[in-house]
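Breakdown of the fold
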Amino acid sequence: MKDQFGRAIDYLRISVTDRCNLRCIYCMPQEGIRWVPHSDVLSYEEITALVRIFASLGVRRLRLTGGEPLVRDALPDLVAALHAVPGIEEINLTTNGILFSPMAGTLKAAGIHGINFSLDTLSPETFARITRTDRFSDARGAIDRALELGFDRVKVNCIPIRGVNDGEIAAIAGLAKDMPLEVRFIEMMPIGCGKNYTPVTMEEVCRSLESVYGPAASCRIRLGNGPASYVTFPGFRGHVGFIGAMTHTFCSQCNRVRLTSEGYLKLCLHYSTGIDLRAPLRRGDGEEALRETIRAAIARKPDQHHFAGSSGEDAVEQHNMNAIGG
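Report follows, based on the coordinates. Not measured: the values here are computed from a predicted model. (Residues numbered from 1 in each chain as written. Predicted model: local features only at pLDDT ≥ 70, side-chain atom pairs only at ≥ 80, totals over all residues. Heavy atoms only, no water.)

Points about the pairing of strand E6 (residues 182-186)
In terms of burial, E6 is a largely internal element, 5 of the 5 residues being buried. Of the two faces of E6, the one holding Glu182, Arg184 and Ile186 and the one holding Val183 and Phe185 are both buried throughout. Alignment of strand E5 (residues 153-158) against E6, held across 4 bridges, turns out to be parallel. Within E6, the position partnered with Cys158 by the bridge is Phe185. Bridge count for E6 against strand E9 (residues 239-243) is 5 bridges, and the pairing is parallel. Of the residues in E9, the one forming a bridge with Val183 is Val240. (Buried < 20%, exposed > 50% of the residue type's maximum accessible area, 1.4 Å probe, protein only. Helix = DSSP H or I, 4+ residues; strand = E, 2+ residues; numbered from the N terminus. Pairing = 2+ DSSP bridges.)

Considerations on the packing of aromatic side chains
Note on aromatic pairs: each is described by the distance of the centres and the angle between the planes. For the coordinates displayed, the defined rule picks out 6 aromatic pairs. With a centroid separation of 5.7 Å and 70° between ring planes, the pair formed by Phe127 and Phe136 is classed as edge-to-face. On the basis of relative accessibility, which here comes to 4%, the residue Phe127 falls in the buried class. Judged by its relative accessible area of 13%, Phe136 is buried. Summarising the aromatic geometry, the rings of Tyr213 and Phe233 are spaced 5.8 Å apart at their centres and angled 45° between planes, so their arrangement reads as tilted. Taken as a pair, Tyr213 in helix H8 (residues 202-213) and Phe233 in the loop between strand E8 (229-232) and E9 lie far apart in primary sequence, 20 residues in all. (Phe/Tyr/Trp six-rings, centres within 6.5 Å; stacked < 30°, edge-to-face > 60°.)

Concerning the side chain of Arg140
The residue Arg140 is located in helix H5 (residues 136-149) in this model. Side chain to side chain, Arg140 and Asp144 meet in a polar contact 3.2 Å long. With residues up to four places along the chain from it excluded, the contact list for Arg140 reads Leu119, Leu122, Leu175 and Met179. (Polar contact = N/O pair within 3.5 Å; in protein donor to acceptor, adjacent residues only side chain to side chain. Contact = heavy atoms within 4.5 Å.)

What to know about the nonpolar core
With 94 residues, the main nonpolar core has Leu64, Leu75, Phe100, Phe185, Leu209 and Val240 as its most contacted residues. Among the elements that take part in this core, helix H1 (residues 44-56) stands out by supplying 8 residues, more than any other. Apart from residues no more than four positions distant in its own chain, Val240 is found in contact with Ala173, Ala176, Val183, Phe185, Leu209, Ser229, Tyr230, Val231 and Phe233. (Core = buried A, V, L, I, M, F, W, Y, C linked by side-chain atoms within 4.5 Å.)

Structural data, given as structure tokens:
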């Protein structure tokens, strides 16, 4: 399935819930938000039905996100159902890790290939400041548990924030020195509460790492399906990745779309534009009609985001990240 710019769209990110057990300062306000009513959230059967249609159009890789996907009951049941869909080759999960360890074995058996852990600090005090909780040990222990069970890929995502955790960049990257995983630094995007914080550029991150670990060496193997560029340092068991959404536009290689928990197909993270798939699904439109609806929507995928400019301000996404699906 290709969009109007010839990009092959083979990757679907699925938000299974907008709910979360953390209150990260760049994601949602401390008091929380009004959650989407359960009746408006896609059921597992509806998600599976849509994935069958996406797979028939060429989608091969899925990522389950939230909110926090593990707060939704019986998530391994959904994983198993998606794993059985013809054409789906890979299912990955993004989580904050708080609830991961007790269900890790079940998730792996159900068909999860890789785990992306969101962890912005190695300090329990800074973790409490960022997440407004005291669950650091659960989040950090989840990484060890994933490695112990041998998931295909284990990644740690960190968003450097000036004045908050930017002094820990080298320490966080050091996880990839001691363990066979990828640490990825992601530039803060001005979405929702993220607009209130100052990002750290990937150039700054790289300079900070090289001052501690020496010159970075480019990674010659492909690690993952997304826009990260990877390097390694002398003595590292793993790799370090950089996702510079603000300073390095990689939209020309974009291969993804997003499905929100309410069944809204988002074509670009920056824009609110897309199409509602829940309504036609629930009114009984057949698979072929839904397939054409999706194909027509993909054809309208924007050429790139404009986070750094004013283009398209009338259509800029206003939701917090928990409602979008990261």
